[in-house]
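Fold and contact review
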Amino acid sequence: MIDNFDSIPPADSKTLKATQKFNVIAHDIAKIDGEGLVLGRPAFADDLAPANALYVKLVRSPHAFARIISIDPSEALALPGVACVLTWKDCPRVPITRAGQGNPEPSPHDRFILDEYVRYVGDEVAVVAAEDEATAEKAAMLVKVQYEVLQPVLDFEKALDNPIVIHPEPEIHEMFPIGFEPKRNIAAAYNMEIGNVEQELAKSPVQVETTVHTQAQQHVALEPHTAFSYIDIHGRLVIVTSTQNPWHTRRLLALALQMPLRQIRIIKPRIGGGFGGKQHIHIEPYVAMVTLKTGKPARLALTRREVFEATFTRHEMRVKVRLGANSDGKLNAIDMQVLSNTGAYGEHALTVFMVAGSKTLPLYNKVNAVRFGGHVVYTNKVSAGAFRGYGAIQGLTGLESAMDELAHKIGIDPVELRRKNMIHEGETSDVFRIMGEGTEGVAMTIESCKLEECIARGKELIGWNPDRLVWEVAPGKVRAMGMAIAMQGSGLPLIDMGSARIEFQDGGFFKLHVGATDLGTGSDTILAQIAAEELGVDVESIVVYSSDTDNTPFDVGAYASSTTYVSGSAVVKAARSLKKKLIEAVAQKFGVDPAFVIFDNKTFKTLNGSKSLSLYDFSFDTLYHDGERMKTIEATESFTGAKSPPPYLAGFVEIELDKETGKVEVIHYVSVADVGTPINPNLATIQIEGAALQGIGLALYEDVRYSERGHMLSHNLMTYAIPSREDVGRITVELVDSYEPSGPFGAKSAGEIGIDTPPAAISNAIRNAIGIRLTDYPFTPERVLMAIDKAKTEGAN
Amino acid sequence: MTITIYINGKREILECQPGDMLTEVLRKAGYVEVKKGCDTASCGACTVLIEDKPVLSCSYLAVRADGKRITTIQGVAEEAKKFAQFLTAEGADQCGFCAPGFALTVLSMKKELRNPSEAEIRHYLSGNLCRCSGYEGQIRAIKKYLEAVHD
Amino acid sequence: MEIREYARPKSMDEAMHLIHEEHGTAIGGSAWLRTNTKTVMLGVDLSDLGLEYIREFQDHIEIGAMTTYRELETSLLLASRFGKIFSTAVGHIVGIQLRSIITVGGTVAGRYGFSDLNTTLCALGARVVFYPNIEEDLASFIEKGYAGPFLIEKIILPSSARAAYQQMRISENDFPIINTAVAWMGTEWRVAAGSRPAAARLCRNAMKILADSANPSNEQIEAAAQESSKELQFGSDIRASATYRQKILPVLVRRALLEVRG
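Residues numbered from 1 in each chain as written. Chains lettered and ligands numbered in written order. Predicted model: local features only at pLDDT ≥ 70, side-chain atom pairs only at ≥ 80, totals over all residues.

1. Here we look at the overall build of chain C
Summing up its helical and strand segments, chain C has eleven helices and twelve strands in all. Its C-alpha atoms give chain C a radius of gyration of 18 Å, within 12% of the compact-globule value 18 Å for 262 residues. Structurally, chain C occupies a C-alpha span of about 60 × 45 × 35 Å along its principal axes. Burial statistics for chain C: of 262 residues in total, 57% are counted as buried. Residue pairs at least 24 apart in sequence account for 62% of intrachain contacts in chain C once pairs closer than 6 positions are excluded. (Helix = DSSP H or I, 4+ residues; strand = E, 2+ residues; numbered from the N terminus. Rg over C-alpha atoms; globule rule 2.2 N^0.38 Å. Buried ≥ 20, exposed ≤ 12 C-beta atoms within 10 Å, placed from the backbone. Contact = placed C-beta atoms within 7 Å.)

Okay, structure coming up:
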């Protein structure tokens, strides 16, 4: 137990060069919704649901794999207050994916809203709606379902070509080639090779092979998935929901319910965390079905147990990495082979798996050959989906563990091994061009990469000494250090698109409408900062409204670390365009050429100072006073990245390991990141701090456990503990000066990168502490102690 | 059955069943600042003060609250706004779902502990889980807040 | 949990009547009721019986059944008589908001396997008083239970002891994998272990090895620690295997004993 938190003081905020350069950007502006959230003002879907909404409950499968023989709703329907019971027979027979991704989705359409088959414990069987929650719960229990129980496939190592086929249904299909072979239980597959890996490995005097198994992980956003729906005055279906991607939700729902897109409106209110867990349609189809059937508003808030058992987890993966190097540490070849478990359905199956390679292998771009491949298999477990890190964390855990093994074998400082081989500014990697998200990638040259600075500062902050990476603090207790580096992306180039509309209002303020979805990260605030900086006004002059398919312009949503880079660039363009229009309008009013008008300090002036007009006055002129010239001045712009500049991060950890019990504690975690210009340094820092703790949770505590028959055992916060305030001694995050020319005011992404390093860095520290490479996550006290004991026994023999 | 509670200084007569927990009864009565996060008494989002003591309303029978004084974050809005300034100044409010319960516990701690060490702060607040912040920003905010309000 | 009828009696006799004659179910702390899917015909709320107290008598201390964990944790009296053991043992259970609800009586009555408190009370030689005035050794109640319905009034502790508590958890807010409490009672050592994951038991053989010396030798301590894992049964659950529990109990017992002996 850590009891001296004061031993490492919290980091001082460092001054960034960018802060001097800008008025609003790189300044710590308080989140615009912060006070309202702290005061608990109605903000989340469940706070806003109409009082007369029907309560929706789902009947869920108690079996890991079964065919539904019959459903008898009569007893449930007989209960006073029950409005309807809907089953697979009430659903259009259209295969869909629940993954909130671009169109066409790189995920197989292998799922029906409700189906005759259930493929994991918790899979939806029937939808019940009633006037109050207790009645809905009771009714759900009264729905009689007869099952033909089938033998499930639970071990992902045994799924490939298993005689039990999880998806035999004929209608399911891929949207474009992703290696989908359901008859073999393969949801997706991919292989690529640059150069000749076997030859390069054979030539290399030093070779290592490391296999790691990273477990499924639960997102545990504090707000459970929640939605309500109603029919509006025009007879259209409106759904207010905790989603990360309103437009994808609308498109997927239209397909699932066989409705025209124009008949659906999706609104995202405040949402209580996402981490990828709300990048799917988990609940929207069910409230929609009830509203469409009954004409009444309907609400559904999943219980925490349902969130655990029946939304998504992180993909469990087995990652095997082989490295070949010269005796001085120069890497010649990397081979990464991955087996990924997508669970019952293939949401994000291909893309998460691809990222395990595409956002890790370019880190070491000087190799002569690199190979990546493997399968994503179906099992009868809860589906895996998007989760912060999205494959990169799994791939990096394998790669960065192997790198430390190589350092041990050669006998050099693991930091120096990385510096010798890692990517730098002005360089590229063929992997960028070859591997994309289900399609080919996009070639890019790295224009900003401050990994050297991140590593140097990280070493200072943790006190890295390669000659003293382990030391004893008490009999049986050692401290040790480890490190890892990481990269991520900033949106999906030429796939993700975001737009922004800015409209000039009377009173001289600006309405900023964005399709981007703030998950609680502060993106509304960040986008307001970007608009304010470009327009040359203060943040208070920007009023943000976001994430409403009727009232804001299109945006793919918040995922793939895209909002600041993609949506933020759209805001820059819109603000620039609006400013031009404002100046043109004022120039016309002044009767001068626009080139002679400047806008500064909320005032328009001619260059010679002869004419001047305040923004405030002009706002009334253009809307009320200027006769034929009156008009709304607004601009809408869109952006898609031609590249996806990676943020970079160096993670360092100091652990304490109790050799008698196997308990590992994180004393200090240091993350130093290059996120380009942080639009809001505080918010970027917190993203990285929060991600680090989530990564530490994966490394040490969190595990999704099942019974032998496929029932989830860790189905609530009593059986699945997330890190508390007392688990980790100190997390220190620093941002280094960096500027990404392609990003808004030099920004890259910050949302995901922070989660990537802890599993490998902690593994490397444990390796330094006890000389053993642990491979099965999480590193619970039992696993650590058993590894120590095993090594002792083997040493004795 | 009906219960009479004194919530944020206001007398409320509310309908409930004997097995109902306070969270649901409060939310139904419009006190949606009381959040429901976990169902297992694990997360702290539903924290309210009963007779000035922070308790989990999800684990407190509504009938047991009959006749008692209950405070939600709205009942201490002025103090909460002050704390919100410090929390948002660090960006540590994040998604804000846990914030009302968390802030209420911070205000309670301020009354109960004199000059707490960081370990004491973390310990007092360990029942308030947050998945966004990694807790560090919250700690920075709390330390600055306590310093400011003690001066 | 569905509760059909609810009563909040004002006297112990009335409460006893409802539990005995009307088949009422006693409601102590009320935490975790919501995770329980049972239906209770009559819930008997014990919160108006004046059972929230920690009182010192000449040769013992009494703790009312409805005393909350938070009160145990912050009690200056308990700290002055038993050191940090109560705050250490219960201080990591979720958070103060829960510890302000859950009660001593509810924990003892439930005889929960995961309990930190029951292990502590066993080691301190606590006695449990069932209304009206039936006193029993708490450790033996935890082991054997009670025939028929009962109503716990209070827990009796000796006036003081030197004691220590040790546990292993995967993370701080999780339930323990295994825990132990040891106490020097002035004339004898007591050692208890819980969360095996079954409920707390005394380690009687270990206690014998330590015998009646306030200063057992390191060898005695090691022998007692080793014995603790031999004399008890261990099981496996999602947190750890029986093997792991058995392996680390001696480490925790040794550390607790050294903490008390100094």
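Next, the rest of the story.
2. Quick look at the interface of chain B and chain C
Taken together, the contact between chain B and chain C spans 25 residues of the former and 23 residues of the latter. Looking at the side of chain B that touches chain C, the elements with two or more residues in it are strand S4 (53-56) and helix H4 (118-124) of chain B. By residue number, the principal contributor to the side of chain B that touches chain C is S4 of chain B, which donates four residues.

3. Regarding the domain arrangement of chain C
We note that the domain assignment places domain 1 (2-45), domain 2 (54-158) and domain 3 (162-261) within chain C. Between domain 1 of chain C and domain 3 of chain C, the C-alpha centre-to-centre distance is 35 Å. (Domains from an automatic or database assignment.)

4. Remarks on the sheet that holds strand S6 (residues 127-130) of chain C
Residues and elements named next belong to chain C. Spatially, five strands are ordered S4-S5-S8-S6-S7 in an open sheet, and the strand pairing comes out antiparallel. One side of each edge strand has no neighbouring strand; the edge strands of this open sheet are strand S4 (54-56) and strand S7 (134-137). Each strand of the sheet is rotated relative to its neighbour by a mean of 25 degrees, with strand direction disregarded. By the bridge criterion, five bridges tie strand S5 (residues 60-64) to strand S8 (residues 152-158) in an arrangement that is antiparallel. Bridged to Ile63 within S8 is Ile155. (Pairing = 2+ DSSP bridges. Axes fitted to C-alpha atoms, helices over the stretch in contact; angles between N-to-C directions.)

5. Notes on the domain arrangement of chain A
Residue and element names in this part refer to chain A. Split into domains, chain A comes out as domain 1 (5-16 + 313-492 + 643-796), domain 2 (45-150 + 225-301) and domain 3 (496-639). Each of domain 1 and domain 2 has a C-alpha centre, and these two points are 36 Å apart. Contact with domain 1, which involves 23 residues of that partner, is made by 20 residues of domain 2. With three residues, the single largest contributor to the side of domain 1 that touches domain 2 is helix H10 (residues 349-358). Classifying every residue of the side of domain 1 that touches domain 2 by side-chain character gives nine nonpolar, nine polar and five charged. (Nonpolar A, V, L, I, M, F, W, Y, C, P; charged D, E, K, R; others polar.)

6. Describing the nonpolar core
Within the largest apolar cluster, 408 residues are counted, with the highest numbers of intra-cluster contacts made by Val128, Ala129 and Ala531 of chain A. Every residue in contact with Ala531 of chain A, bar those within four places of it in the chain, is listed here: Ile502, Phe510, Leu512, Ile542, Val571 and Ala575 of chain A. (Core = buried A, V, L, I, M, F, W, Y, C linked by C-beta atoms within 7 Å.)

7. What to know about the sheet that holds strand S23 (residues 612-614) of chain A
Residue and element names in this part refer to chain A. In spatial order, the strands read S21-S22-S23; together these three strands make up an open sheet with antiparallel pairing. Whereas interior strands pair on both sides, the edge strands pair on one side only; in this sheet they are strand S21 (597-600) and S23. Shown here is a sheet whose adjacent strand axes are inclined to one another by a mean of 20 degrees, direction ignored. As defined by bridge partners, strand S22 (residues 603-606) adjoins S23 across three bridges and the pair is classed as antiparallel.

8. A closer look at the interface of chain A and chain B
Of the residues lining the interface, 48 residues belong to chain A; the matching set on chain B comes to 48 residues. Of all elements in the fold, only helix H2 (34-38), helix H9 (304-310) and helix H18 (681-700) of chain A reach the threshold of two or more residues within the side of chain A that touches chain B. Here the side of chain A that touches chain B gets seven residues from one element, more than from any other, and that element is H18 of chain A. Its residues assigned to classes, the side of chain A that touches chain B shows 21 nonpolar, 13 polar and 14 charged.

9. Comments concerning the pairing of strand S5 (residues 124-130) of chain A
Residue and element names in this part refer to chain A. Burial runs high along S5: seven of the seven residues are buried. Bridge count for strand S1 (residues 54-60) against S5 is six bridges, and the pairing is antiparallel. In the sheet register, Val59 faces S5, and the bridge partner there is Ala126. For strand S3 (residues 82-86) and S5, the ladder comprises four bridges, and the chain directions are antiparallel. Residue pairing across strands places Val82 opposite Ala130, the latter belonging to S5.

10. As for the pairing of S8 of chain C
Residues and elements named next belong to chain C. Among the seven residues that make up S8, five are buried, leaving the element largely enclosed by the rest of the structure. Bridge analysis of S6 against S8 gives four bridges, and the strand direction is antiparallel. Considered in S8, the bridge of Phe130 is made with Ile152.

11. Some words on unusual backbone geometry
Along the chain, Asn103 of chain A connects to Pro104 of chain A via a cis peptide bond; the corresponding omega equals -5 degrees. Here Arg196 of chain C and Pro197 of chain C are connected by a cis peptide whose omega angle stands at 10 degrees. In this structure, Leu494 of chain A takes a positive phi of about 60 degrees despite not being glycine. Relative to the helices and strands, Leu494 of chain A is located in the loop between strand S17 (477-487) and strand S18 (498-504). Given 15 C-beta atoms within 10 Å, Leu494 of chain A falls into the partly exposed group.

12. Remarks on helix H2 (residues 77-89) of chain B
Between the first and last C-alpha of H2 of chain B there are 18 Å, a value that for 13 residues agrees with the 18 Å anticipated at 1.5 Å per step. Burial in H2 of chain B covers these residues: Ala80, Phe83, Ala84, Phe86, Leu87, Thr88 and Ala89 of chain B. Where H2 of chain B is buried, its residues contact H2 of chain A together with helix H3 (99-112) and helix H5 (136-150) of chain B. Once H2 of chain B ends, the next one or two residues include Gly91 of chain B, with phi positive near 75 degrees. (Expected span 1.5 Å × (residues − 1).)

13. Examining the environment of Ala760 of chain A
Residue and element names in this part refer to chain A. With respect to the element layout, Ala760 can be found in helix H19 (residues 758-770). Between the C-alpha atoms of Ala760 and Thr19, which are 741 residues apart in sequence, the distance is 33 Å. Leave out the neighbours within four places in its chain, and Ala760 touches Leu396, Thr397, Glu400, Ser401 and Ala484.

14. Examining the packing of helix H15 (residues 523-535) of chain A against helix H16 (residues 563-590) of chain A
Residues and elements named next belong to chain A. At a minimum axis distance of 8 Å, the contact between H15 and H16 shows a crossing angle of 35 degrees. Two packed elements cross with a definite hand, and for H15 against H16 that hand is right-handed. Of the residues in H16, those touching H15 at Ser523, Ile526, Leu527, Ile530, Ala531, Glu534 and Leu535 are Thr563, Thr564, Ser567, Gly568, Val571, Val572, Ala575, Arg576, Leu578 and Lys579. Classifying every residue of the contact of H15 with H16 gives nine nonpolar, five polar and three charged. (Left-handed = near helix turned anticlockwise from the far one by under 90°.)

15. Things to note about the packing of H2 of chain B against H5 of chain B
Residue and element names in this part refer to chain B. For the pair H2 and H5, the least separation of the axes is 8 Å and the interaxial angle reads 140 degrees. When the interaxial angle is binned, H2 and H5 end up oblique. When the axes of H2 and H5 are compared, the crossing they make is right-handed. Residue-level contacts link Phe83, Phe86, Leu87 and Ala89 of H2 to Ala141, Lys144 and Tyr145 of H5. Split by residue class, the contact of H2 with H5 holds six nonpolar, no polar and one charged. (Parallel < 35°, antiparallel > 145°, perpendicular 65-115°, else oblique.)

16. Concerning helix H17 (residues 615-625) of chain A
For an α-helix, the turn length of 3.6 residues means that residues three or four places apart are oriented alike. Residues and elements named next belong to chain A. Of all the positions in H17, only Leu615, Phe618 and Thr622 are classed as buried. Within H17, the buried residues cover an arc of 60 degrees as seen down the axis, which keeps them to one side. Opposite its buried face, H17 presents the exposed residues Tyr624 and His625, each directed more than 90 degrees away. The secondary structure elements touched by the buried residues of H17 are H16, S22 and S23. Just past H17, the residue Gly627 takes up positive phi, approximately 55 degrees. (Arc of directions from axis to C-beta.)

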